[in-house]
Amino acid sequence: MPASPFTLRVEANGALLYDRRAHQYFPLSAAESFLLCAVQEVPLKKALTHLTKAVGKKEATATHEALRESGELDDDGRFTGRIIDTKQVAGAWGAPLVAHLGMTLACNFSCHHCYSSSGKRAADELTLPEIQTLIEQLAEMGCQKLVLGGGEPFLRSELPAVIRFADRFGIDCFVHTNGSKLSAKLLTELAECPPAALAVSLDGADEASNDAIRGAHAFKRAMQGVELLERHYPPGFNLSVTITPRNATQAPQMVELAHEHGAKVLLLRPAYPAGEAMAEPELVCDRDTFARAIDLARARAKELGVTVDAPHPHEQGVPDFEGFGCVAARVVMGIDPRGNVTPCLNLPDKFFAGNVRTQPLLKLWRGGRPFVAVRAQTANAQCASCRHFDTCRGGCRVRSLFAGNGLNGPDSWCHYEPLTTSRESHP
């Protein structure tokens, strides 16, 4: 791990500090950002003098104390992290905060909702050196989160090397696996430089419900992987469940399974209308079904002390981006196993902006045609007149497209309520 866990991104719409200890980005005030930048140029005392003139002694002192307490400033008053000055991009962060990379299209399971329609490895998948070049580009632009999926990422023997290489550049990796290719030897190697999180995917709390989605014997093989993780992987692991109408009522049992096997977190995510699910739309989760699954999971998790990570559709906060739509092209980018770059790996292939073999990632992020097109969308009449617009922003573009509403349409999870009189009077 690099000497400092911190990366400070300074850009037009605010400063972000990435802290590898928490694996999270944190927004900073202008005073905090100034002080962290200033102490890399001048002694702390002089930096505080300048800050005091700008914001007053009380705020300057409080800023200094807060940064010392949280560890960004060391005992000598220095900030040892990286500072990246990022150019403004209309409607998005200057560089992605999260990148999703498909390690391979190869997979030994046959999940009915697979967004990437994985099965056989593609002949032209990115090589290890090409992935390393991609990681170097992510580090240079200050993208500190790299999600590694597939296919089944452990079918690429280079996966531990990818994680080690990313770690050298201060990037946290988050790995999603079906668990079937794990071994004691592999986990021992992985534990020497572990990803920030390792999640095993399931689609049911028992063999019948899981295998109906993921294929014959998938549950048994996944649970063998979980048992290996329990015995040979001290960093710990998560369980991840894709919620569909078929398994939503099993949410409490999934909590119990996570508790029984010592999973750190149970992640719940809805199935999206992409890839294989396009042929089986009955697997696509509707808003109310997903909300009920979360409620059921939370109730049981409270009893057992299990942590549940699930984006409840009734509890949306204000997004950390401007404009209409979702995180695609604004916060997140995707790279498929062949190197094609897209605002979201769930979007159709027509949204490919280019390929990392021929164009830099940052250039595609800032000016790739699909990225620009997604950011250019403005609120349709329904969304603009809804009281939830400030938090929903129109919702998922994949679901909007699947519902036939177009790139600019409302999400099929729309819970439209007209603006109140008070909102109309005080925009």
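Everything below is about the structure shown above.
Okay, so let's go over this structure. In this convention, every chain numbers its residues from 1, walking through the sequence in written order. Where local features are concerned, this predicted model is filtered to residues with pLDDT of at least 70; where side-chain atom pairs are given and counted, the filter is 80 or more; whole-chain, interface and lining totals use all residues. Just so you know, side-chain values use all the structure's heavy atoms and leave hydrogens and water out.

1. Focus: the sheet that holds strand S9 (residues 238-243)
Spatially, the ten strands line up as an open sheet ordered S11-S10-S9-S8-S7-S6-S5-S12-S13-S14, and their pairing is mixed. With one partner strand each, in any of the chains shown, strand S11 (307-309) and strand S14 (354-355) form the two edges of the open sheet. In this description, contact between two residues means that some pair of their heavy atoms is separated by no more than 4.5 Å. Fitted lines through C-alpha atoms give the axes, limited to the stretch in contact for helices. The angle between two N-to-C directions lies from 0 to 180 degrees. Here a strand is any run of E in DSSP of at least two residues, a helix any run of H or I of at least four, and the numbering for each starts at the N terminus. Across the sheet, helix H4 (residues 128-141) is in contact with strand S5 (98-102), strand S6 (145-149) and strand S12 (332-335); its angle to S5 comes to roughly 175°. Where helix H8 (residues 218-232) meets the sheet, it contacts strand S8 (197-202) and S9, and its direction lies at approximately 155° from that of S8. The pairing criterion for strands is at least two bridges between them, as found by DSSP.

2. Points about the packing of helix H1 (residues 30-38) against helix H2 (residues 44-55)
Between H1 and H2, the shortest axis-to-axis distance is 9 Å and the interhelical angle comes to 150°. The pairing of H1 with H2 is recorded here as roughly antiparallel in orientation. Read as a crossing pair, H1 and H2 show a hand that is right-handed. When H1 is examined against H2, the residues Ala31, Phe34, Leu35 and Ala38 are found in contact with a partner set consisting of Leu44, Ala47, Leu48, His50 and Leu51. Each residue gets one of three labels, nonpolar for Ala, Val, Leu, Ile, Met, Phe, Trp, Tyr, Cys and Pro, charged for Asp, Glu, Lys and Arg, and polar for the others, Gly among them. Considering only residue class, the contact of H1 with H2 consists of eight nonpolar, one polar and no charged. Oblique is the label for every angle not falling under 35 degrees (roughly parallel), over 145 degrees (roughly antiparallel), or within 65 to 115 degrees (roughly perpendicular). In this scheme the handedness of a crossing depends on how the near helix is turned from the far one: anticlockwise by less than a right angle means left-handed, clockwise means right-handed.

3. Topic: the packing of aromatic side chains
When two rings of Phe, Tyr or Trp (its six-membered ring) have centres within 6.5 Å they constitute a pair, described as stacked for plane angles under 30 degrees, edge-to-face for angles over 60, and tilted for the intermediate range. Going through the model one piece at a time under the given rule, you end up with six aromatic pairs. Look at Phe165 and Phe169: their rings are 5.0 Å apart centre to centre, the planes differ by 40°, and that puts the pair in the tilted class. Owing to a relative accessible area of 9%, Phe165 belongs among the buried residues under this scheme. For Phe169, a relative accessible area of 26% gives the class partly exposed. The lysine or arginine in question, Arg375, covers the ring of Trp365, its NZ or CZ lying 4.7 Å from the ring centre. By definition, being over a ring means that NZ of Lys or CZ of Arg is both within 6 Å of the ring centre and within 35 degrees of the ring normal. Sitting over the face of the ring of Phe321, Arg393 holds its NZ or CZ atom 5.5 Å from the ring centroid. Exposure classes here rest on a 1.4 Å probe applied to the protein chains alone. A residue is buried below 20% of its type maximum, exposed above 50%, and partly exposed in between.

4. Quick notes on the nonpolar core
By size, the foremost hydrophobic cluster in this structure holds 78 residues, and its most contacted members are Leu101, Leu138, Leu146, Leu148, Leu239, Ile335 and Leu361. If we skip the residues at most four places from it in the chain, Ile335 touches Ala99, His100, Leu101, Gly102, Leu126, Leu134, Asn340, Val341, Leu345, Val356 and Leu361. For the purposes of this section, nonpolar cores are sets of buried Ala, Val, Leu, Ile, Met, Phe, Trp, Tyr and Cys residues that join through side-chain atoms within 4.5 Å. Formed by 18 residues, the second largest nonpolar core is a distinct cluster that contains Phe6, Leu8, Leu17 and Leu28.

5. Description of the pattern of salt bridges
By convention in these notes, a salt bridge is any Lys or Arg side-chain nitrogen within 4 Å of a carboxyl oxygen on Asp or Glu. On inspection of all chains with the given rule, the structure shows 22 salt bridges. Across the salt bridge formed by Asp172 and Arg20, the nearest N and O atoms sit 2.8 Å from each other. Placement of Asp172 in strand S7 (residues 172-177) and of Arg20 in the loop between strand S2 (14-19) and strand S3 (24-28) is noted, with a sequence separation of 152 residues between them. The pair formed by Asp172 and Arg20 is uniform in burial state, with each residue classed as buried. Notably, a salt bridge pairs Arg338 with Asp124, separated by 3.1 Å at the nearest N-O pair.

6. Details of the environment of Ala291
Looking at the secondary structure, you find Ala291 in helix H10 (residues 287-304). Residue Ala291 is classed as buried on the basis of its relative accessible area of 3%. Beyond its immediate sequence surroundings of up to four residues, Ala291 is in contact with His312, Pro313 and His314.

7. Some details on the environment of Gly102
Relative to the elements of secondary structure, Gly102 occurs in strand S5. Spatially, the C-alpha atoms of Gly102 and Leu345 are 8.7 Å apart, while their sequence positions differ by 243 residues. Apart from residues no more than four positions distant in its own chain, Gly102 is found in contact with Gly149, Gly150, Ile335, Asp336 and Pro337.

Treat this as a map of the structure, not an account of what it does.
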